[in-house]
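Chain by chain, the residues:
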Amino acid sequence: MARLNLWRWGVLTLAGLYFLVPLAASVVFTVDVPGQGVTFDAYRRIVSTPGFGSGLLLSLELAAATIVVVLLLMVPATVALRLDAPRLRPVVEVVCSLPLVVPPIAFVAGIATVLKWGPDYLSRTPLFQTFVAIQNQDFPVVLVLAYVVMALPFVYRALDAGLRAIDVRTLVEAARSCGASPAQALVRAVLPNLRGALLNASFLTLALVLGEFTVAQLLGFTPFAVWIYSVGGSQAQLSVAVSVLSLLVTWALLLSLAVFGGRSRSAAKG
């Protein structure tokens, strides 16, 4: 037992050093200016830098829309798999895992090819107008659609793990016996017991959208990750400062999720 605990602490220490040493080096790079000593000017200039507010706001809007769409798509689908179509489970698992094996560069190349397709006589058709509308710079819907596909593996695994922990069939049958419709049974009986899984899926999707670069850059949009890259070309210290700040914000969200999920489980047990 003592040897097992020693091995566990050794692994945790190595993992902590693996993550904390690069983070500490990044922080030192942002605050240590030759000739000036320790200064936090890089962090003060973040808010006033052009494009920071718009890029961050766009990423948050895209993340919110992606979370809503992917949950509306996957929650009914995963519940239906558990109740009515368990034989389709391997098919759905393969489909949801495809974004992990398709390189992002190939994925975005296919999207760009589809968006550029269309002869001249289609320029006044609803199809062409739809292609134009989903590429609006203020809110590119095409990025939401792409992020939904990219988030499928993580959302499916999170929801599937949550559904494995509860007796979905009993909950639905109990709700139906009380006169609830299938939609009411899903909303009032199943979803409250999936709060932790929904939070996990939402956080994973948020982290994916905030850090995604390849698709947005190649399609010509400027969310937060692309803005960090563009700033880094001329202001390396500011770019690293923004990356450190975004990493800390992501960790804060993860800790908040863990605390909120723990309180939810404690309340449910109570």
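Data block above holds the structure.
Anyway, here's the lowdown on the structure attached to this text. The structure displayed is predicted, hence computed values, not measured ones.

Turning our eyes to something else, we now look at the overall build of the chain. A tally of regular secondary structure across the chain gives 13 helices and two strands. Along the first, second and third principal axes, the C-alpha atoms of the chain reach 75 × 75 × 30 Å. Within the chain, the proportion of its 270 residues that are buried is 34%. Of the contacts formed within the chain by residues at least 6 apart in sequence, a portion of 77% connects residues at least 24 apart. For the chain, the exposed surface amounts to about 16,300 Å²; the carbon and sulfur share of it is 69%. Averaging the positions of the 18 positive and the 11 negative side-chain charges in the chain gives two centres separated by 10 Å.

Where helix H7 (residues 141–164) meets helix H10 (residues 195–211), the closest approach of the two axes is 8 Å, and the angle between their N-to-C directions is 155°. Classed by the angle they form, the pair H7 and H10 counts as roughly antiparallel. Along this stretch, H7 crosses H10, giving a crossing that reads as right-handed. Residues Tyr 147, Met 150, Ala 151, Phe 154, Val 155, Ala 158, Leu 159 and Gly 162 of H7 pack against Ala 197, Leu 198, Asn 200, Ala 201, Leu 204, Thr 205, Leu 208 and Val 209 of H10. Grouping the amino acids of the contact of H7 with H10 by side-chain chemistry returns 13 nonpolar, three polar and no charged.

Here we come to the nonpolar core. Membership of the largest hydrophobic core comes to 53 residues, with the highest contact counts inside it found for Leu 71, Met 74, Leu 143, Val 155, Val 168 and Leu 219. Considering every element that reaches this core, the biggest residue donor is H7, with 14 residues. Not counting chain neighbours up to four residues away, the residues in contact with Leu 219 comprise Val 108, Ile 111, Ala 112, Leu 115, Val 142 and Leu 143. In this structure, Phe 224, Ile 228, Val 231 and Leu 238 belong to the second largest nonpolar core, which totals 10 residues.

Okay, the side chain of Arg 89 next. Within the secondary structure, Arg 89 is located in helix H4 (residues 89–101). Classification of Arg 89 as buried rests on a relative accessible area of 18%. Look past the residues within four positions of Arg 89 in its chain and what remains in contact with it is Leu 81, Arg 82, Tyr 156, Asp 160 and Arg 164.

Let us look at the packing of H4 against H7. Contact geometry of H4 with H7 gives a least axis separation of 6 Å together with a crossing angle of 140°. Here H4 is positioned oblique relative to H7, judged by the angle of their axes. For the crossing formed where H4 meets H7, the hand is left-handed. The residues of H7 that touch H4, namely those facing Arg 89, Val 92, Glu 93, Cys 96, Ser 97, Pro 99 and Leu 100, are Val 149, Met 150, Leu 152, Pro 153, Phe 154, Tyr 156, Arg 157, Asp 160 and Arg 164. The residue makeup of the contact of H4 with H7, split by class, is 10 nonpolar, one polar and five charged.

The full count for this structure, using the stated rule, is three salt bridges. Measuring nitrogen to oxygen at the nearest pair gives 2.9 Å for the salt bridge that ties Asp 160 to Arg 164. You can see Asp 160 and its partner Arg 164 sitting in helix H7, four residues apart, about one turn around the helix. For Arg 164, a relative accessible area of 54% gives the class exposed. Look at the salt bridges and you will find they share partners, linking Arg 89, Glu 93, Asp 160 and Arg 164 into a network.

Here we come to the side chain of Thr 205. With respect to the element layout, Thr 205 can be found in helix H10. If near-sequence neighbours (up to four positions away) are discounted, Thr 205 is found in contact with Thr 66, Ile 67, Val 70, Ala 151 and Val 155.

Once that is clear, we can look at the packing of aromatic side chains. One pass over the full model with this rule turns up five aromatic pairs. Note on Phe 52 and Phe 224: the rings are 6.0 Å apart at their centroids and 70° apart in plane angle, and the pair reads as edge-to-face. Of this pair, Phe 52 sits in helix H3 (residues 52–83) while Phe 224 sits in helix H12 (residues 224–232); the two residues are 172 residues apart in sequence, bridging distant segments of the chain. For Phe 224, a relative accessible area of 6% puts it in the buried group. Ring geometry for Phe 224 versus Trp 227: centroids 5.9 Å apart, planes at 15°, classification stacked. With Phe 224 and Trp 227 both in helix H12, this residue pair falls three residues apart, about one helical turn. Pair check on accessibility: Phe 224 and Trp 227 agree, each one buried. A connected cluster of aromatic rings, assembled from ring pairs, spans Phe 52, Phe 224 and Trp 227.

Scoring rules and cut-offs
- Residues numbered from 1 in each chain as written.
- Predicted model: local features only at pLDDT ≥ 70, side-chain atom pairs only at ≥ 80, totals over all residues.
- Heavy atoms only, no water.
- Helix = DSSP H or I, 4+ residues; strand = E, 2+ residues; numbered from the N terminus.
- Buried < 20%, exposed > 50% of the residue type's maximum accessible area, 1.4 Å probe, protein only.
- Contact = heavy atoms within 4.5 Å.
- Areas by Shrake-Rupley, 256 points an atom, 1.4 Å probe, with all protein chains shown as cover.
- Lys, Arg positive; Asp, Glu negative; His and termini not counted.
- Charge placed at Lys NZ, Arg CZ, Asp CG, Glu CD.
- Axes fitted to C-alpha atoms, helices over the stretch in contact; angles between N-to-C directions.
- Parallel < 35°, antiparallel > 145°, perpendicular 65-115°, else oblique.
- Left-handed = near helix turned anticlockwise from the far one by under 90°.
- Nonpolar A, V, L, I, M, F, W, Y, C, P; charged D, E, K, R; others polar.
- Core = buried A, V, L, I, M, F, W, Y, C linked by side-chain atoms within 4.5 Å.
- Salt bridge = Lys/Arg side-chain N within 4 Å of Asp/Glu carboxyl O.
- Phe/Tyr/Trp six-rings, centres within 6.5 Å; stacked < 30°, edge-to-face > 60°.

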